[in-house]
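# Report on the structure
Each chain is listed here by its residues.
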Amino acid sequence: MADSPDGGTEPRRPVSTFELFFDLVFVFSLTRVTALILEHPDAAGVLRGMLVLALLWWAWGAYAWLTNAVGTDGTGARGVVLAAMGAMLVVAVAVPQASGSDALAFALGYFVVRVLHIVLYAVAGGANRAAILKLAPGNLVASLLLIAGVFLPDTVQIVLWGVAVLIDYGTPVLTGVGGFTVHAGHFFERHALFIIIALGESVVAVGTGVLHTGSRITPPAAAAILLAVAAIGGLWWTYFDREAPITEHALARATGARRAHLARDVFSYLHLPLVAGVVLVAVGLESIMSHPADHLHGVYAAGLGGGAALFLLGLAAISLRRGDRPRPVHLAAAVASLCLIPVSFALPGTVTLLLLVAVLAVVAVLDRGRGRTRTRSTRERAVSA
């Protein structure tokens, strides 16, 4: 049960199987973003990958807001969402060549996804209709910029992508989102499940990296696999063991427009660094799986340490937006993860991965200890009262 705006409780509406079915296409989308970066392992490739990820995340988030407020049991609503799912799959397939041979498919598919989102909101009506109409001009302009970029040089295209992202993310700041209905429990669960999707993409990267070697699993390869699972598990732990329940409670306690703005800031904006961090870690993991004894370099080194740091800094930013002080251990672990980037130039990839696992293990242990202390204090206060 979550707190309702009137101070009582509201029934928790679980994420439906139809919503999970819709999310399947984004599992594939994340693997394509990783593929884009791996095919272009340089600064330009990472920039393109992060811009594409920002666009994909915003498109997915738009439908998360939609299904949080509008039911999808009706035949018409499901038909529109399924059409959007098909268009998004076209977008996902086009991602590795989104600035090349598949640029038009990527841009047109994305445009269709955004238009269908607005259409379904408009058809559903209700209080959310006026709110989405405020966002619609920005959404459409951003999508049209992607189409315009298809016919322009690469440098101009990447600038238009950046402008499109700024328009997408900036419009809700200018218009506000107070008119949207947010069911706290459902909204939190939907985004938490997406973090699972992102972590699952890292698991896929591990398997893909091993398969790329084309040889049997040796003891070093097996050790690298086990360490990769530990690292992915560490990221899961830092989010779900303590931070996620606190964030869900903060959203449930907020009411009215304050809840909608908190949902926008914490989930639509500040969960993107978490997802981006996981994708970058996946880039580093795939390289290690392919060559466990080799040193990391370039994008692969920056991905492993930088991705983990981005994830941890994202958690710190979420704490700050909730009104809490960022956890010192998260900030320290982010610095330690960044220090692994130069270290990885001199050590085998498996050893660097072992060090990252150690950093995340320290965070997990300290978070668990603090969580138990907090729970015990809460119980003691309840008893004394």
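Residues numbered from 1 in each chain as written. Predicted model: local features only at pLDDT ≥ 70, side-chain atom pairs only at ≥ 80, totals over all residues. Heavy atoms only, no water.

Looking only at helices and strands, the protein chain features 13 helices and 2 strands. Against the globule reference of 21 Å for 385 residues, the protein chain gives a C-alpha radius of gyration of 21 Å, in line with a compact fold. Reported as C-alpha extents along the three principal axes, the dimensions of the protein chain are approximately 70 × 60 × 35 Å. For the protein chain, buried positions account for 53% of its 385 residues. Contacts in the protein chain between residues far apart in sequence, at least 24 positions, make up 81% of those at least 6 positions apart. (Helix = DSSP H or I, 4+ residues; strand = E, 2+ residues; numbered from the N terminus. Rg over C-alpha atoms; globule rule 2.2 N^0.38 Å. Buried < 20%, exposed > 50% of the residue type's maximum accessible area, 1.4 Å probe, protein only. Contact = heavy atoms within 4.5 Å.)

By the element assignment, V123 lies in helix α4 (residues 103-124). For V123, a relative accessible area of 64% gives the class exposed. In this structure, the C-alpha to C-alpha distance between V123 and G76, residues 47 residues apart in sequence, is 9.5 Å.

Glancing now at the pattern of salt bridges. In this structure the tally under the stated criterion is 9 salt bridges. D367 serves as the salt-bridge partner of R327, at 2.6 Å between the closest nitrogen and oxygen. With a gap of 40 residues between them, R327 in the loop between α11 (298-322) and α12 (328-343) and D367 in helix α13 (residues 349-384) connect regions that are remote in the sequence. Both residues of the pair, R327 and D367, count as buried. By sharing partners, the salt bridges in this structure join R242, E243, R322 and D324 into a single network. (Salt bridge = Lys/Arg side-chain N within 4 Å of Asp/Glu carboxyl O.)

You can see S268 is positioned in helix α9 (residues 256-269). For S268, a relative accessible area of 7% corresponds to the buried category. The spacing of S268 and I318 is 50 residues in sequence and 11 Å in space, taken between C-alpha atoms. Within the structure, the side chain of S268 is placed 2.9 Å from the side chain of W65, a separation counted as a polar contact. (Polar contact = N/O pair within 3.5 Å; in protein donor to acceptor, adjacent residues only side chain to side chain.)

Our next topic: the confidence of the model for the protein chain. Per-residue pLDDT for the protein chain averages 87, and the proportion of residues at 70 or more is 91%. Contacts of residues 375-385 to residues separated by more than four positions or lying in other chains number 0 contacts, the stretch itself having pLDDT below 50. (pLDDT = per-residue confidence, 0-100.)

Next up on the list: a nonpolar patch on the surface. Taken together, L104, L108, F151, L152 and V156 make up a surface patch of nonpolar side chains, about 440 Å² in accessible area. Tracing the sequence through the fold places V156 in helix α6 (residues 154-175). Here V156 falls in the partly exposed class, since its relative accessible area comes to 36%. (Patch = residues over 30% accessible without salt bridge, like charges linked within 9 Å, V, L, I, M, F, W, Y side chains within 5 Å. Areas by Shrake-Rupley, 256 points an atom, 1.4 Å probe, with all protein chains shown as cover.)

In this section: the environment of V206. Tracing the chain through its elements places V206 in helix α7 (residues 184-213). A relative accessible area of 8% means that V206 is categorised as buried. When the C-alpha atoms of V206 and S287 are compared, they prove to be 8.8 Å apart, with 81 residues separating the residues in sequence.

The subject of this paragraph is the nonpolar core. Within the largest apolar cluster, 114 residues are counted, with the highest numbers of intra-cluster contacts made by F106, Y239 and L353. Considering every element that reaches this core, the biggest residue donor is helix α2 (residues 43-69), with 14 residues. Apart from the residues lying within four places of it in its own chain, the contact partners of Y239 are F188, A192, I195, A244, H271, L274, F311 and L315. By size, the runner-up hydrophobic cluster in this structure holds 7 residues, among which are A309, L312, V329 and A333. (Core = buried A, V, L, I, M, F, W, Y, C linked by side-chain atoms within 4.5 Å.)

Our focus in this paragraph is the packing of helix α8 (residues 219-253) against α9. At a minimum axis separation of 8 Å, α8 and α9 run at an interaxial angle of 155 degrees. By the criterion of interaxial angle, the relationship of α8 to α9 is roughly antiparallel. Residues T247, A250, L251, A252 and R253 of α8 form the contact with α9, whose participating residues are R258, R259, L262, A263, V266 and F267. Of the residues belonging to the contact of α8 with α9, the class tally is 7 nonpolar, 1 polar and 3 charged. (Axes fitted to C-alpha atoms, helices over the stretch in contact; angles between N-to-C directions. Parallel < 35°, antiparallel > 145°, perpendicular 65-115°, else oblique. Nonpolar A, V, L, I, M, F, W, Y, C, P; charged D, E, K, R; others polar.)

Further remarks concern α11. Spanning 25 residues, α11 covers 35 Å between terminal C-alpha atoms, matching the ideal 36 Å at 1.5 Å per step. For α11, the principal kink sits at L304 and spans about 30 degrees. Among the residues trailing α11, G323 stands out with phi positive, at a value near 100 degrees. (Expected span 1.5 Å × (residues − 1). Bend = angle between axes of the 7 residues up to and from the residue.)

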